[in-house]
There are 2 protein chains.
Amino acid sequence: MRTALTDLLGVEAPLVGFNRSPGVVSEVSRSGGFGVLAATMYTPEQLDAQLTWIEQQVEGRPYGVDLLVPGNVAHGDPADLLASLRAQIPDEHVRFVDELLERYEIPARSRPHEQGGELLANFDATGVEALLDVVFAHPVALVANALGPPPATMVERAKASGVAVASLVGKPEHARRQLDAGVDVLVAQGTEAGGHTGTITTMVLTPEIVDLAGDAPVLAAGGVASGRQMAAALALGASGVWCGSVWLASHEDITPDSVKRKFLSASSSDTLRSPARTGKPARQLRSAWHDEWERPGSPAPLPMPLQPMLTGDAWDRIDEAAEAGHPGATALESYYIGQVVGAFAELAPAAEITRRMIDDCAARLGELGRLGAESAVRV
Amino acid sequence: MRTALTDLLGVEAPLVGFNRSPGVVSEVSRSGGFGVLAATMYTPEQLDAQLTWIEQQVEGRPYGVDLLVPGNVAHGDPADLLASLRAQIPDEHVRFVDELLERYEIPARSRPHEQGGELLANFDATGVEALLDVVFAHPVALVANALGPPPATMVERAKASGVAVASLVGKPEHARRQLDAGVDVLVAQGTEAGGHTGTITTMVLTPEIVDLAGDAPVLAAGGVASGRQMAAALALGASGVWCGSVWLASHEDITPDSVKRKFLSASSSDTLRSPARTGKPARQLRSAWHDEWERPGSPAPLPMPLQPMLTGDAWDRIDEAAEAGHPGATALESYYIGQVVGAFAELAPAAEITRRMIDDCAARLGELGRLGAESAVRV
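Residues numbered from 1 in each chain as written. Chains lettered and ligands numbered in written order. Predicted model: local features only at pLDDT ≥ 70, side-chain atom pairs only at ≥ 80, totals over all residues. Heavy atoms only, no water.

- Within an unreviewed UniProt entry, the label attached to chain A reads NAD(P)H-dependent flavin oxidoreductase YrpB (Nitropropane dioxygenase family), and the organism entered is Pseudonocardia endophytica.

**Comments concerning the overall build of chain A**
Here is step 1: Counting its regular elements, chain A contains 16 helices and 11 strands.
Here is step 2: Taking 379 residues into account, the globule formula puts the C-alpha radius of gyration at 21 Å, and chain A, at 21 Å, falls close to it.
Here is step 3: In terms of overall dimensions, chain A has a C-alpha envelope of 70 × 55 × 40 Å along the principal axes.
Here is step 4: Counting every position in chain A, which comprises 379 residues, the buried fraction comes to 56%.
Here is step 5: Long-range pairs, those at least 24 residues apart, make up 68% of the contacts in chain A between residues at least 6 apart in sequence.
Here is step 6: Counting 30 positive and 48 negative side-chain charges, chain A places the averaged centre of each group 6 Å from the other. (Helix = DSSP H or I, 4+ residues; strand = E, 2+ residues; numbered from the N terminus. Rg over C-alpha atoms; globule rule 2.2 N^0.38 Å. Buried < 20%, exposed > 50% of the residue type's maximum accessible area, 1.4 Å probe, protein only. Contact = heavy atoms within 4.5 Å. Lys, Arg positive; Asp, Glu negative; His and termini not counted. Charge placed at Lys NZ, Arg CZ, Asp CG, Glu CD.)

**Side note on the sheet that holds strand E8 (residues 218–221) of chain A**
Residues and elements named next belong to chain A.
Here is step 1: Read around the barrel, eight strands follow the order E1-E2-E3-E4-E5-E6-E8-E9 and close on themselves; strand pairing throughout is parallel. Strand-to-strand twist of the sheet, defined as the mean angle between neighbouring strand axes without regard to direction, takes the value 25°.
Here is step 2: Taken together, the four bridges between strand E4 (residues 142–145) and strand E5 (residues 164–169) define a ladder with parallel strand orientation. Across the sheet, the residue bridging to Val143 is Val165, located in E5.
Here is step 3: Packed onto the sheet, helix H8 (residues 152–161) meets strand E3 (63–67), E4 and E5 and runs at close to 170° relative to E4.
Here is step 4: With respect to the sheet, helix H9 (residues 172–180) is in contact with E5 and strand E6 (185–189), its orientation differing from that of E5 by roughly 160°. (Pairing = 2+ DSSP bridges. Axes fitted to C-alpha atoms, helices over the stretch in contact; angles between N-to-C directions.)

**Focus: the pairing of E6(A)**
All names here are of chain A.
Here is step 1: The element E6 is extensively covered by neighbouring structure, given that five of its five residues are classed as buried.
Here is step 2: Burial along E6 is two-sided: the residues Val185, Val187 and Gln189 and Leu186 and Ala188 are all buried.
Here is step 3: Of the pairings in the sheet, the one linking E5 to E6 comprises four bridges and is parallel in character. What sits directly across from Ala166, in E6, is Val185.

**So, H8(A)**
All names here are of chain A.
Here is step 1: Here H8 has its buried residues at Met154, Val155 and Ala158. Angular distribution of buried residues about the axis of H8 spans 95°; they occupy a single face of the element. Along H8, the residues that are exposed and aim more than 90 degrees away from the buried face are Glu156 and Ala160.
Here is step 2: In this structure, the buried side of H8 is in contact with E3, helix H7 (125–137), E4 and E5.
Here is step 3: Looking one or two residues past H8, Gly162 carries a phi angle of roughly 70°, positive in sign. (Arc of directions from axis to C-beta.)

**Quick word on the relation of the copies chain B and chain A**
Here is step 1: Least-squares fitting of chain B to chain A yields an RMSD of 0.0 Å, with the transformation described by 0.0 Å of translation along the axis and a rotation of 180°. What we have between these two chains is a two-fold relation.
Here is step 2: When the interface residues of chain B are mapped onto chain A, 100% of them again fall at the interface, so both copies present the same face. (Least-squares fit on C-alpha atoms with pLDDT ≥ 70 in both.)

**Some details on the interface of chain B and chain A**
Here is step 1: Between chain B and chain A, the contact holds 51 residues from the first and 51 residues from the second.
Here is step 2: Where chain B touches chain A, the interface holds two salt bridges.
Here is step 3: Where B:Asp211 meets A:Arg228, a salt bridge forms, and the shortest distance between an N and an O atom there is 2.6 Å.
Here is step 4: Connecting chain B to chain A are 14 residue pairs in polar contact (both at pLDDT 80 or more).
Here is step 5: Of all the secondary-structure elements, those providing two or more residues to the side of chain B that touches chain A are helix H1 (4–9), helix H10 (202–213), helix H11 (227–235) and helix H16 (350–373) of chain B.
Here is step 6: Split by residue class, the side of chain B that touches chain A holds 22 nonpolar, 18 polar and 11 charged. (Salt bridge = Lys/Arg side-chain N within 4 Å of Asp/Glu carboxyl O. Polar contact = N/O pair within 3.5 Å; in protein donor to acceptor, adjacent residues only side chain to side chain. Nonpolar A, V, L, I, M, F, W, Y, C, P; charged D, E, K, R; others polar.)

**Quick word on the pattern of salt bridges**
Residue and element names in this part refer to chain A.
Here is step 1: By the definition in use, this model includes 38 salt bridges over all chains.
Here is step 2: Ionic pairing is found between Glu27 and Arg30, a salt bridge with its closest N-O pair at 3.5 Å. In this pair, Glu27 and Arg30 both sit in helix H2 (residues 22–30), three residues apart, roughly one turn of the helix.
Here is step 3: Relative accessible area serves as the criterion here: at 22%, Glu27 is assigned to the partly exposed category.
Here is step 4: Among the charged side chains, a network of salt bridges with common partners joins Glu27, Arg30, Glu59 and Arg61.

**Observations concerning the side chain of B:Asp253**
Residues and elements named next belong to chain B.
Here is step 1: Within the secondary structure, Asp253 is located in the loop between strand E9 (240–243) and helix H12 (257–264).
Here is step 2: The side chain of Asp253 is buried and forms no salt bridge, while Lys260, the nearest opposite charge, is found at 4.4 Å.
Here is step 3: Polar side-chain contacts of Asp253 include one of 2.8 Å to the side chain of Asn19.
Here is step 4: Ignoring any residue separated from it by four or fewer positions in sequence, one finds Asp253 in contact with Asn19, Ser21, Val24, Trp247, Leu248 and Lys260.

**Things to note about the sheet that holds strand E10 (residues 271–274) of chain A**
For sheets, the rule is that strands pair by backbone hydrogen bonds, running either parallel or antiparallel.
Residues and elements named next belong to chain A.
Here is step 1: Spatially, E7-E11-E10 is the arrangement adopted by the three strands of the open sheet, whose pairing is antiparallel. On the outer flanks of this sheet lie strand E7 (195–196) and E10, each paired with one strand and no other.
Here is step 2: Pairing analysis gives two bridges linking E7 to strand E11 (residues 282–285), with the strands arranged antiparallel. Opposite Gly195, over in E11, you have Arg283 as the bridge partner.

**A closer look at the pairing of E11(A)**
Remember that side chains alternate between the two faces of the sheet whenever the strand is regular.
Here is step 1: Sheet topology note: the E10(A)/E11(A) ladder contains four bridges and is antiparallel. Note that in E11(A) the partner of A:Ser274 across the bridge is A:Ala282.

**Details of the packing of H7(A) against H8(A)**
Residues and elements named next belong to chain A.
Here is step 1: Interaxial distance between H7 and H8 falls to 11 Å at its minimum, and their mutual angle equals 20°. Relative to H8, H7 is oriented roughly parallel. Note on packing geometry: the crossing formed by H7 with H8 is right-handed. The residues of H8 that touch H7, namely those facing Val128, Glu129, Leu132, Asp133 and Phe136, are Thr153, Met154, Arg157, Ala158 and Ser161. (Parallel < 35°, antiparallel > 145°, perpendicular 65-115°, else oblique. Left-handed = near helix turned anticlockwise from the far one by under 90°.)

**Quick word on the packing of aromatic side chains**
Residue and element names in this part refer to chain A.
Here is step 1: Applying the stated criterion across every chain yields a total of 12 aromatic pairs over all chains.
Here is step 2: Between Trp289 and Trp315 the ring centres are 4.6 Å apart and the planes differ by 50°, which places this aromatic pair in the tilted class. Of this pair, Trp289 sits in helix H13 (residues 288–294) while Trp315 sits in helix H14 (residues 306–323), placing them 26 residues apart in sequence. By the burial criterion, Trp289 is buried, and Trp315 matches it. (Phe/Tyr/Trp six-rings, centres within 6.5 Å; stacked < 30°, edge-to-face > 60°.)

**Details of the packing of helix H11 (residues 227–235) of chain A against helix H16 (residues 350–373) of chain A**
Residue and element names in this part refer to chain A.
Here is step 1: Remark: H11 packs on H16, axes separated minimally by 7 Å, with the N-to-C direction vectors making an angle of 55°. Taken as axis vectors, H11 and H16 run oblique relative to one another. Seen from above, H11 lies across H16 with right-handed handedness. Contacts from Gly227, Arg228, Met230, Ala231 and Leu234 of H11 reach H16 at Met357, Asp360, Cys361, Arg364 and Leu365.
Here is step 2: Taken together, the residues of the contact of H11 with H16 break down into six nonpolar, one polar and three charged.

**Some points on the nonpolar core**
Here is step 1: Counting residues in hydrophobic clusters, the biggest one holds 155 residues, and the most contacted among them are A:Leu47, B:Leu47 and B:Leu67.
Here is step 2: Discounting residues that sit within four places of it in the chain, B:Leu67 has contacts with B:Ala39, B:Thr40, B:Leu47, B:Leu132, B:Val135, B:Val143, B:Ala144, B:Asn145, B:Ala146 and B:Met154. (Core = buried A, V, L, I, M, F, W, Y, C linked by side-chain atoms within 4.5 Å.)

As structure tokens, this is what we get:
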């Protein structure tokens, strides 16, 4: 299965595995695919440790990193930025979340809340450069930006290091902007994908992006969790697939078991695209959390990054309590997942998922070739 | 391209063309595909005339019919039913539509409103049998039901005549119900399709339906308007495709030019799934009509069939005025269409669209076969 993507990255099969668990990333790269670490929550020191560990596992095989940096980075003191953002969260919203947790009887955390500040600190110019210093000190083959066009500094440093730059797009206008920004690989993300998505489906979006990408490889994302869906993406003109959700059914994925259990029993109708977690529409498992935010009289979710700042501690408490089997927390529990969740049957090793997708795709391509070669038969 | 569908229907290629224009249906069947007439608005006499005309064109080639009949037909006087339904339309809704048409300065119709009554009359037992009498007096190869499981009488009469029965499904639960009802062909309709759709995309839904359909052929519908999308549907395990939107870019389609012009300039982001036209969520071109119904303070759309009864005359007036170039009517003008509308470049003959899809699909299948046959190459 040689495509523009396998040539660019030097991998066996055009299957990119996107995940926040270093164990998934390394297993995908070790099994013929290309692992990409979703490194949106790390300090530079944490990121360095993760990439070092991955390298020990992949033994020279290529892998990549996905960062969350804004196209225009802020300047000034991160603490001032954080304080200014906190001041924008209305009391009504704070009360709503407090009351919601109380009604579901969610206990306080046993450990203090850790995240939020670091994530935002990465948004200032110094934080971005420090992260990029770490990335480019490692032999990554691809760097991606999770939201919007990559900042000029990321593109310049990637080009200087011979590292490919990828970016996610949800509509044709995005793709034009990304190509102008110097992106090498476009990831056409359909609405069925987990996480932040637009409204156009993979079936419609992929050929649209392929047609305007010129020589740039296009990966299809959203709705791809099997070899036949991978073959369908190639049929649409993609040079490969970018899969996120499928790994949440792997043993190596670090998502809490309480969430994974909900995924295993979910159907393809059980996701929704909602701003109630991040402030931007993101596909996730529907839970009591969304019912509460959608109830008449509930406040509208705040824009990013205020909504995650408002609710970050609540989610830590929900995750911890759900993990202990707390019923209210279990009802609220959710995470980002695509519509392919309906196909999850049981947890499996990431390497097995990778090999099965690649082998099934190759077999399906053979069947399609034979179907095309058969002459028309009238019965 | 021999599949379970081409064997069942005796056609060259597994491409079903679904349209309300007899000229499109006959051209699809004449060009290697299988035309299906969307015959949801006809009296038995009108339907008989349409099918007779199609038969003269297709010269023995197979074609099908799609009806809109409820699973449980009503008994009693159609006029009573109509009066009872009319009484359920709130004055607030009537005033809202009147005020909307006034604000957009939509003129009265030059001809009186004709439809609505007949459509509903078909819903009673006598009306359904009269339509089925017409259908089975013609050599149709397939009969489909547009909404929900077909009534038992349709399945029984089809089996007795050796006619295949098809039905549209938007989620796995629907498919199980349809198979239980005796349906032979399942059409897995993704959310990107025009008309009444669910929320699951074609990429996700198609393999789900294939896995539970057993030997029954599954057609993918939604997002399929090109040979590569047709090849993708086959990769997903479908035995063929069921295409509706693509024909609205054909010369033979009877949709008003005012609507077709809006389609040609639309992007894939310009559709929405809304109940504001039929009372059930249906994908259509977004227009000022939807903006008005979504405005705060606007009444909620009524359930089917009340919403089309409320707005049928308004749409006739909008269509007629838009056709004459009226600006307010042009702003409101809309029709059912899938996300593939973004790929419409110009109008073409239905035969050319059919041949291009079949030939491009065959070529793409060949390419995929060669891609699968290439050994893995590490760069």
